[in-house]
Structure formats: C-alpha cells, structure tokens
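# Overview (structure and organization)
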Amino acid sequence: MERQWKPRSSPQSRSFILLFVAISYTALLPGASSQRVPTDPQAAPEYAHSIRLDGDIILGGLFPIHSRGDRGTPCGELKKEKGIHRLEAMMFAIDLINKDPELLPNITLGARILDTCSRDTYALEQSLTFVQALIERDGSDVRCANGDPPIFTKPDKIVGVIGAASSSVSIMVANILRLFKIPQISYASTAPELSDNTRYDFFSRVVPPDSYQAQTMMDIVTAMEWNYVSTLASEGNYGESGVEAFIQISRETGGVCIAQSLKIPREPRPGEFDKIIRRLLETSNARAVIMFANEDDIRRVLDAAKRNNQTGHFLWVGSDSWGSKISPVIGQEKVAEGAITILPKRASVDAFDRYFRSRSLSNNRRNVWFAEFWEENFNCKLGMHGKRPGSLKKCTGLEKVGRDSSYEQEGKVQFVMDAVYAMAHALHRMHREFCFGYPGLCPRMANSIDGKELLSHIRAVNFNGSAGTPVVFNENGDAPGRYDIFQYQITNRSIAEYRVIGSWTNKLHLKVEAMRWRTGDPTLPSSVCSVPCRAGERKKVVKGVPCCWHCERCDGYHFQASEFTCELCPYEMRPDANRTGCVPIPIIKLEWHSPWAVVPVFLSMLGIIATSFVIVTFVRYNDTPIVRASDREMSYVLLTGIFLCYAITFLMISTPDVGVCSFRRIFLGLGMCFSYAALLTKTNRIHRIFEQGKKSVTAPRFISPASQLVITFSLISVQLLGVFVWFATDPPHTVVDFGEQRTQDPMLARGVLKCDISDLSLICSLGYSILLMVTCTVYAIKTRGVPEKFNEAKPIGFTMYTTCIIWLAFIPIFFGTSQSAERMYIQTTTLTISLSLSASVSLGMLYMPKVYIILFRPDQNVPKRKRSFKAIVTAATMSGKLTQKGGDRPNGEVKTELCESMETNSDLIN
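Structure report, in brief. The shown structure was predicted, so the numbers you read here are calculated from the model rather than taken from an experiment.

## Describing the overall build of the protein
If you tally the helices and strands in the protein, you get 26 helices and 27 strands. Looking at the 910 residues of the protein, the share that counts as buried comes to 50%. For the protein, the share of sequence-separated contacts (at least 6 apart) that also reach a separation of at least 24 residues comes to 68%. Of the accessible surface of the protein, which amounts to about 43,100 Å², a share of 55% is contributed by carbon and sulfur atoms.

Written out as structure tokens, the structure reads:
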C-alpha cells in the first residue's frame, strides 16, 4: 500500500521535512503496527521495545535500560540500577499521582517509556515516536486493495518528556522536542550547555547543572589551598562541558591554574590509561585531578594508577558521575583512598523501597524489561527463552528483591520522581487556569495542550519533592545547586566507605577535621606549583603560568609592598624583621658610657683639674717673680683657652639640642683661639723686641701688658665675629643623619642625632685657630735663637712643634673616616683628644716647670737685679754670637763662660 505524508500546516513545518525520513524509518520499527494497541497496561506485546501506560495525558520517558552495544548492536547489557530502578520510579510516581485526589483530580496520567541504550543516536531514533502525533498523514490519494481508504493507527500525543539521563542524549533529543514545543524535564543531565535558554528553551532539569558542580569543585580546591591541578574528562558533552566550566571558573577567579587538561577517548586504545597516568606525572606537583568522567573510565583510571605504583600520589576530585558509587572503587580501595566526590543532595525514598521490594514477575508485567532484570538480579534463567543461556539455575518466580538479592536504591530515583511530579504540578496549574471547576480534562486541554503554556507553568512550580527538598527552576530551567560532599575513607578497621564531609548550597561548608588521608598526617596534602613565599619575599611569576613563581628576597632597604612587588622604605626608615613593612631607624648619639667617650672625658677631667691647679697656684703666688715674669695677664688668657679646650669635650659628648649646638659653635674654636692668640702675641712680642734691638736700643711699641691684651682680644674677636655671622646665616639646630650609618645590612643602620655642623663649617670654625697656630709656629721658629735664660721662646717653640704634629695627625684621621660606619665615634673622639692633647702640651711645657719652681724651688723664685733694655739686648746679642761660635770651640767652652759670667747679671724679660 502506498502512503503519502503531509506535514500539518504550522510555522515550523519546514523543520519537519528533515524529520520525515527518520519518522518513516521509525514507523517500520517493531511495535509501529497500524493496529490499535491494547489498553491493558499489563499486556503490551506490540511495544516490546517500550512501555505504554494508558491515560488522559501521556508523558514520554527516556531511560538507559541497557548499556551501549558493541560492534554495531545498538544495545548491550541491562542496567539494573540506572535503568530499571529509574524506570520503576517513574511508573511509581505516576501511580501515586493518579491516586492523589488533590493533584490532577479526575485526570489519569499515562506514559510511553523508551530505552535509549545509553547511545545518543539510538535515543534520537527512539524519541521520534514522541512527535508522530504532531504529524498529519494525508491519505486522500491512498487506497487499499479493495478500494477502501487506509486505517492509520493514531499515535499517542506526548505532552511532555521525562529524561534523558545522559547529557549527550538530552541534547540530541532536546533539539527535536523544541521544534514541536514539547517540554522536557531531565532527572540526571547536568551538562552546562543545556542551560542555554536560546538553544534548549524547552529543556528543564531537577538536578543542578555542572556549572554549579564545577563551582563546588572549585570551592573545594580553594578550601584545600590547592592552586595547581589537572583535569580529566570523558569524551562527550558531560565530561568536556564539565571540565570547560571548571576551567572557565578558574580563569574568572584567577586562583587556580590548570597544569594539564586530558581527555579520555570514547573508544580508548590498549594502554591509553597508562599513557594518561604518565602524562599526569609530567606535572607531578599537580597532585589534584579534577575528574568529569563516567564510572567505567574512573575505574580504569584508578586501575592504571595502581599499575603504575602511584597509590597515594594523586588527589582525586570526582564529579557526580563518581559520587558515592561502589563500582569504580571495587578492588582498588587503596588508590582511591582520600578521593573527594560530590553528589546532588538527595535522600532515599522509603516508599519506593517498599514498592520495589514488592515487585515480582506476576504483579509487574507492565514492565517489559522486568523479566530480563529478574534473570540478571537473581542469576537464573526463565524457561527456554531466557536471555541468560549460560545460567545453570532456573528461576522459580518466587524470588524476592532484597531477600534473595542485594538491593540499594539508585541515587537518581528521587530526581526521577521529582521530574514526574514537576510535570504533574505544571499540568495541575494549567488545569486550574484553563478548566477551573471542570471535572477531568476540559475541551481546551483535551484537544491540545500548548507546549509553551505548559513550559511556563513548569518553570513556575514550587513544591517539596519526594525527599522533602524544594523543587524549583530558574529562568534557564535549572534546579538550584545542592550537593553533598563525600570522601572515600578507609577506617582503622580497614573498612572502606564514603563519608559525608560537607555540603554546598551556593556556598561551601566543608568539615576539614572530618577528612582522612592515606598518610595519616592530619595536615592537608598539597597540590601547588610553587610553595608560598615567605614573609619579605616577592613572587616572580613564571610567564604564562600565574600559579608558578620564584621567590625573591626583598633585599637592602626594600620591603614587601605586595605579593609581587618590593618597594624602597622612606629614607628615615628601614624594613622590619620580616620585611613586610618599614619601621623608623633607631636614632643614636654618643653615650657617656661608651668607650669612645670615656677616654676623652677622662683626659678632659685630668686636664681641667691640672689647669685649675695651675690657675689657683698662679693666683695664690700672683706677685711672685716667676709669675710676674711669665706675663701674668697673658698667662691667664692662655690658661683660660687651655681650660676651654678641655671643657669642649663635654659639649661634644652631650645630647645635641639647640642650646648645646649653640655652645659648640661658640666654644669649639674659641678655646684654641684664646690659646694661640695669646701665644702668637707673646712670640710676636719677643720677635719684635730682638729685631728692634738689632737696629737700635729703643724699645718697640705695644709691648706693655695692656697692649698685649688688646692685641690678643682683637685676634679673639675675629673668631667671635665669624661665629656670630654663622649664627645669623644658619641658626643652630639638630639633625638626624641617616646616611652616616646607613650600612648594607638595614638591621645595623642607625640615625645619628647631631648638631647641624658640616665638615666645611668645622674647618671654617677651626681654621682661624689653626691659622693662629701656624703663625705662632713661624714666630717660634724665628725666635728659636733667643737664649732660654732670657725668655719663654724655646718652650713656646716646642709647644707649637708638638701641637702641629698633633693636628697634622688629626686631619687624616678625622677626614679619612668620613665614610666609616663609626664616623661619629671616631671623629668626635679624635677631635676631643686632639684638643685635650694640644691643651696638655701647652700646659705641660709652659706652666708645669713654673709651678714646680713655685712649689718646690722657692729659692729660685726671688727677684733679680733689674737692668736696662739696652743691657738686656746687648747681652742677648752677645749670647747669640757666642752660641754661633760654640761649634768652633771644643767641649762648649764659650757656652760655659757665658753662663758663668751671666749667672749673676741676667734677668728675665717681662
């Protein structure tokens, strides 16, 4: 019989043309008979590849009853849990809804349930059954052999589809269902791309998408302080999209780097999993492995890790495909120990357990695959046509689920029931809106249920599901993210089990203390590319790998300003002990107890005592001949200068402040100026006297004591004038010199509190006194020929020679240590000791002999006969000439004669 097909006139009719061939092929499949199927749900021989339950409203169902077939066969072995448990959960939920007087009253739900065989292409082929009712068949040109018009079997009108399980199957099916505006609710598909409401606008799901799952896994990785991980995905939408979502989140957050991203082929070659383990070991620091893989691939990866002796190395983080399943870890508990897995939050439905345990061959004939399940579950054979030819035992039919076989509710049962209830609640809302008060289906819903209207009601449902958790959908049809977090642990009794260690509901709640690791070490294992840098070290990131870095110490005066930068501390500060900040550099000064201060102070005190003793002695014996002969007025000026040279030591060691700095400026050069102005005046007077005596017997001018004092204080006033100018141009103040002791090691750096007296200022301050000293030395040299019986010229000369040697030694020591870290100590000590030594030389050579005579040789401290200036000059001239000839006469005869002849006639020159 020839048939023609004509699409129903609608806006999407062009899209239907592409499906005609596939639909025609579907019509030729077993069960696509042109005869009306029986309405008895317990008998469905025409639908051997599917289940059909009668009802006023028919829902479609897609379940992986069988695994993927090999070598061209579409279907493989039966899946007891993922297939039969989930299928029975849908039928159980429909039974409950049909018995519920409050939900869809007077309306019966039916179902058309198909096997996807875990293969997307086969599932697409099967799902075409759902859209047959939406295609009109034009039989106007077709006649049977007897001339009668053909009789077509009226296909079921599917208003919504429950399924599928696999994301790849759901994607394939959703592309067709959206063309016919048939809403779809999945109970297990988690691929993130299904959240795209522009491509999969009629798709919803009661499980959270992998984007939430990927976020959960990222939060776990972050909580474990891992920043360098690898990813492993099974080829396909689920694995690839899950890993892609994880990588995208890692890029957005920026805290985790992907070492490697590997893919497991659909059809892996021999040795493929060993190769994967070797690839993962290339980045051995990335111990954490994020896995979006099916349970078969997970099992084979663990087996490969075990074969390669990597037990305990990898830190597995598994997605919900691993969850709390036993099958991936059987026989490889050690290598799986410590694995962290996640699973959408769920609970066991006790009512379903009672229902399923009560199923038998006699009361469950509506399930066309139940006989196959029975053989598989009880390892027996049902008659001659059983599907287990190798089985030795024959099924009795009296076996009982849970008694004669193990039973544990499959994890997605709750979500299958929630998906069915979501569809029922949406239909109930729709019925209240369109058929308010009408018992059963009103004409508006009986003729056609608009898919868009139903979709809007699905997205608006809000009820407590079978496990008591809310069932809601967002604008993309996704359920909220609610996960339980498990860890596979081996207890002290060597019992391996999954233990709940946390949960995730928009935020991670992880019980770290409940976690156990193979090593027994309570500390968290690491999966990092580089260990964290210590305090005071900056990260130098490896180009292109932000989680890998080298640690560089912030050296010198730099501190760690941020994770990646070191910055220089302000000049007056230094890094703290761990170089994470800056602290003020300690400020120091020369302390009184320092060895650098003790020696100068000791010398100064001795000098002050000695000077005071000399002054007291001179005052006490002020009118004695030797004091008068020493030019009393000038001696007191000179002794004042010596005293000041000793006293300046205390000002140089005192804590600097404005007052101390002011006195330092005044007295630093003033003591030397007093001393050398007085000595210069003396030597100049002697020189002028004897130079004048060579020319005439008239005394030179300005040799009286008063004139000498005027000349001396005139010279001193120049020093004071310079100091006052210095005060005016640069008022005294203190400074902290951080450069003087800025050592290479910041911990040794010190700021030196001192007066603001530069080296140049110091030279200028002492320069005038040194000029007086040099000039005085010159006059001492000129008057070196004057006999010692007549004057102090020779002691003054020795004093100046010694003083010049002291200051010549001072200059290289003082200025040569300008770069030394001990500069303050060396320069201060050198300066004060030089001043004290200079004063000591003057005091010792000029006054100690006189004090000795005054105190211990009073017989020499008697007045002599006064002579005229002419006699004095003549005697000095004769003494000079005889001294020159003394070298021509042996044994110093001339000198002896002169001394003997003059012993009774000489007098000291005033």
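## Structural notes on the side chain of H457
Mapped onto the elements, H457 comes out in helix α15 (residues 451–460). Using a relative accessible area of 8% as the deciding quantity, one classes H457 as buried. With residues near it in sequence (within four places) discarded, H457 still touches A426, R429, M430 and E433.

## Notes on the sheet that holds strand β26 (residues 734–741)
Taking strand neighbours across the sheet as the criterion, the three strands line up as β25-β27-β26 in an open arrangement whose pairing is mixed. The sheet is open, and its two borders are formed by β25 (587–588) and β26, each paired with just one other strand. Examined bridge by bridge, β26 and strand β27 (residues 750–755) share five bridges and lie antiparallel to one another. If you follow V735 over to β27, its bridge partner there is K754.

## Some thoughts on the state of the cysteines
One pass over the structure, following the stated rule, counts nine disulfides. Through a disulfide, C569 is tied to C582; the S-S separation comes to 2.0 Å. Residues C569 and C582 share a disulfide whose torsion about the S-S bond is about -90°; that sign makes it left-handed. Here C569 is found in the loop between β22 (566–568) and β23 (573–575), whereas its partner C582 is found in strand β24 (residues 582–584), with 13 residues between them in sequence. On the basis of relative accessibility, which here comes to 3%, the residue C569 falls in the buried class. Owing to a relative accessible area of 22%, C582 belongs among the partly exposed residues under this scheme.

## Description of empty space enclosed by the protein
In the structure shown here, the tally under the stated rule is four cavities of 30 Å³ or more. For the largest cavity, the calculated volume is near 110 Å³. In terms of lining, the largest cavity is formed by 14 residues, of which the most central are V206, F415, A479, P480 and R482. Of all elements in the fold, only α13 (413–434) and β15 (470–471) reach the threshold of two or more residues within the lining of the largest cavity. Ranked by the residues each element gives to the lining of the largest cavity, the list is headed by α13, at three residues. Partitioning the lining of the largest cavity into residue classes produces nine nonpolar, two polar and three charged. Counting residues domain by domain, the lining of the largest cavity receives three or more from each of domain 1 (50–135 + 154–182 + 350–378 + 405–468) and domain 2 (210–345 + 481–514).

## What to know about the pairing of β27
As defined by bridge partners, β25 adjoins β27 across two bridges and the pair is classed as parallel. Counted as the bridge partner of I588 is V752 from β27.

## Here we look at the environment of W807
When you line up the elements, W807 lands in helix α22 (residues 793–816). Remark: the alpha-carbon pair of W807 and S838, spanning 31 residues in sequence, is separated by 8.4 Å. If sequence neighbours within four positions are ignored, W807 has contacts with M672, Y676, L766, M773, L831, S834, L835 and S838. A distance of 2.7 Å separates a polar atom in the side chain of W807 from a polar atom in the side chain of S838.

## Comments concerning helix α8 (residues 272–281)
For α8, the complete set of buried residues consists of E272, F273, D274, I276, I277 and L280. The inward-facing, buried residues of α8 abut β9 (228–234), β10 (257–264), β11 (288–292) and α9 (295–307).

## A look at the packing of aromatic side chains
One pair of aromatic rings is described through two measures. These are the centre distance and the angle between the planes. The final tally for this structure, using the stated rule, is 24 aromatic pairs. For the ring pair W596 and Y825, a centre distance of 6.1 Å and an interplane angle of 25° mean the geometry is stacked. Of this pair, W596 sits in helix α16 (residues 595–620) while Y825 sits in helix α23 (residues 823–846); the two residues are 229 residues apart in sequence, bridging distant segments of the chain. Both rings, one in W807 and one in F810, keep their centres 4.9 Å apart while their planes meet at 75°; by these two values the pair is edge-to-face. One end of the pair, W807, and the other, F810, are both in helix α22, three residues apart, so they sit about a helical turn from each other.

## As for the sheet that holds β10
Taken in spatial order, the eight strands of this open sheet run β10-β9-β11-β12-β13-β16-β17-β18, and their pairing is mixed. Only two strands of the sheet have a single partner each, and these edge strands are β10 and β18 (508–510). Taken over all neighbouring pairs, the strand axes of this sheet differ in orientation by 25° on average, direction set aside. As paired elements, strand β16 (residues 483–490) and strand β17 (residues 496–504) share eight bridges and run antiparallel to each other. Residue pairing across strands places D484 opposite S503, the latter belonging to β17. In the packing of helix α7 (residues 237–253) onto the sheet, the strands contacted are β9, β10 and β11, and the crossing angle to β9 comes to about 160°.

## Re the pattern of salt bridges
Applying the stated criterion to the full structure yields 25 salt bridges. Here D296 and R299 are joined by a salt bridge, their closest N and O atoms 3.9 Å apart. Separated by three residues within a single helix, D296 and R299 lie in helix α9, roughly one turn from each other. Overall, R299 belongs to the partly exposed group, its relative accessible area being 35%. Three or more residues are tied together by salt bridges with common partners; here these are R52, D54, R112 and D156.

## So, the packing of α8 against α9
In the contact formed by α8 and α9, the axes pass within 9 Å of each other and the chain directions differ by 65°. The orientation of α8 with respect to α9, classified from their angle, is roughly perpendicular. Our pair here, α8 against α9, has a crossing hand that is right-handed. For the pair α8 and α9, the contacting residues are F273, D274 and I277 in the first and D297, R300, V301, A304, A305 and R307 in the second. Taken together, the residues that form the contact of α8 with α9 break down as five nonpolar, no polar and four charged.

## With respect to α7
Over its 17 residues, α7 extends 24 Å from the first C-alpha to the last, a length consistent with the 24 Å expected when each residue adds 1.5 Å. Of all the residues in α7, the buried ones are Y238, G239, S241, G242, V243, A245, F246, I247, I249 and S250. Positive phi appears at G254, one or two residues downstream of α7, with a value of about 80°.

## Quick word on a positive patch on the surface
Residues R269, K275, R278 and R279 make up a contiguous surface patch of positive charge. Structurally, R279 can be placed in helix α8.

Reading the values: rules and limits
Residues numbered from 1 in each chain as written. Predicted model: local features only at pLDDT ≥ 70, side-chain atom pairs only at ≥ 80, totals over all residues. Heavy atoms only, no water. Helix = DSSP H or I, 4+ residues; strand = E, 2+ residues; numbered from the N terminus. Buried < 20%, exposed > 50% of the residue type's maximum accessible area, 1.4 Å probe, protein only. Contact = heavy atoms within 4.5 Å. Areas by Shrake-Rupley, 256 points an atom, 1.4 Å probe, with all protein chains shown as cover. Pairing = 2+ DSSP bridges. Disulfide = S-S within 2.5 Å. 1 Å grid on protein atoms, 1.4 Å probe; cavity = no way out; pocket = protein on both sides within 12 Å on 5 of 7 lines; lining within 4 Å. Points joined across faces, edges and corners; volume = space filled by probe spheres on them. Nonpolar A, V, L, I, M, F, W, Y, C, P; charged D, E, K, R; others polar. Domains from an automatic or database assignment. Polar contact = N/O pair within 3.5 Å; in protein donor to acceptor, adjacent residues only side chain to side chain. Phe/Tyr/Trp six-rings, centres within 6.5 Å; stacked < 30°, edge-to-face > 60°. Axes fitted to C-alpha atoms, helices over the stretch in contact; angles between N-to-C directions. Salt bridge = Lys/Arg side-chain N within 4 Å of Asp/Glu carboxyl O. Parallel < 35°, antiparallel > 145°, perpendicular 65-115°, else oblique. Left-handed = near helix turned anticlockwise from the far one by under 90°. Expected span 1.5 Å × (residues − 1). Patch = residues over 30% accessible without salt bridge, like charges linked within 9 Å, V, L, I, M, F, W, Y side chains within 5 Å. Lys, Arg positive; Asp, Glu negative; His and termini not counted. Charge placed at Lys NZ, Arg CZ, Asp CG, Glu CD.

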